[in-house]
Amino acid sequence: MGKVKNIIIADDEAECREEFTSRPEHFKVLEVDNANNLVDELKKLFALNQSPDLVLLDIWRPADRIPPDQAEREARAKESLQDLTAQLERTRSIVQEAWIPRGFHVLSEIRKEWPDPTELPVAMYSKRGYFLATPEQLEQVENQNAHWILKNDENEFFEYVQDRIDRLVGIYEKNRKTKGQILKMRIVSILAIFVSIAVLALFIGQHILGANSFPETVASCILSVILTYGLDRLLLR
């Protein structure tokens, strides 16, 4: 079992919060039933150096001033949401009769060849694909480190697309640069270790063991290189 995650969930529905509070073996939960108070709660935690691992933020909640007919409004909203779910199922079925969601399969093929998203970022580009995707397909996209960009017919909307692409490309360029810097630091560190060991072994061989121990000195250097490389691989697992 992984470590217990510290999460904050801001949701006005108690049963949704209970999904997490009922699993103390997985989650340590701070409940916020009014999202308006969330930022203040976060400030308190950060002041105590107790920042959470994740914030779960619900979108929809009742208005601050609850109208007298709130119960009827919620009933209509829930009924309409059920209608929407049913309509999505019907639409998904009709769409699948015309097309196949080949993009999800191609994403898997891409990630087999290029599993590192910093080497090849991928974004799913679709008008309604996100909404018609099944939970399994959405999980697949997330697990394979792909993103979503919404397609639209309006020319003005393309500014969003361009901005989204710029930000995604910028993020991965920064990640690649960071990985490159880390790799250079590792190479320099390993070379420094190699040189230090080689010099030390040579010093010992020439000044303590005598000039005839040159083969042993070479063997010691080679063994040091092998051991250092093995330690480096072990630490990076």
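Look up: the structure comes first, before these words.
I will try to describe carefully the structure that is included in this document.

## Points about the overall build of the protein
- Secondary structure assignment for the protein yields 8 helices and 5 strands.
- The buried share among the 237 residues of the protein stands at 18%.
- Across the protein, contacts joining residues at least 24 apart in sequence account for 51% of those joining residues at least 6 apart.
- In the structure as shown, the protein presents an accessible area of about 18300 Å², 59% of it carried by carbon and sulfur atoms.

## What about unusual backbone geometry?
- The phi dihedral of Asn 49 falls on the positive side, at around 60°, and the residue is not glycine.
- By relative accessible area, Asn 49 is classed as exposed at 70%.
- Of note in the backbone geometry, Asn 145 takes a positive phi value of approximately 55° without being a glycine.
- With respect to the helices and strands, the residue Asn 145 is situated in the loop between helix 6 (135-143) and strand 5 (146-150).

## Notes on the sheet that holds strand 1 (residues 5-10)
- Pairing in this open sheet of 3 strands is parallel, and the strands run 2-1-3 from one edge to the other. Two strands bound the open sheet, and with one partner strand each, they are strand 2 (27-32) and strand 3 (54-57). Mean inter-strand twist for the sheet, computed between neighbouring axes without regard to direction, equals 20°.
- Inspection of the sheet shows strand 1 paired to strand 3 by 4 bridges, in the parallel sense. By the bridge assignment, Ile 9 is partnered in strand 3 with Leu 56.

Analysis parameters
- Residues numbered from 1 in each chain as written.
- Predicted model: local features only at pLDDT ≥ 70, side-chain atom pairs only at ≥ 80, totals over all residues.
- Heavy atoms only, no water.
- Helix = DSSP H or I, 4+ residues; strand = E, 2+ residues; numbered from the N terminus.
- Buried < 20%, exposed > 50% of the residue type's maximum accessible area, 1.4 Å probe, protein only.
- Contact = heavy atoms within 4.5 Å.
- Areas by Shrake-Rupley, 256 points an atom, 1.4 Å probe, with all protein chains shown as cover.
- Pairing = 2+ DSSP bridges.
- Axes fitted to C-alpha atoms, helices over the stretch in contact; angles between N-to-C directions.

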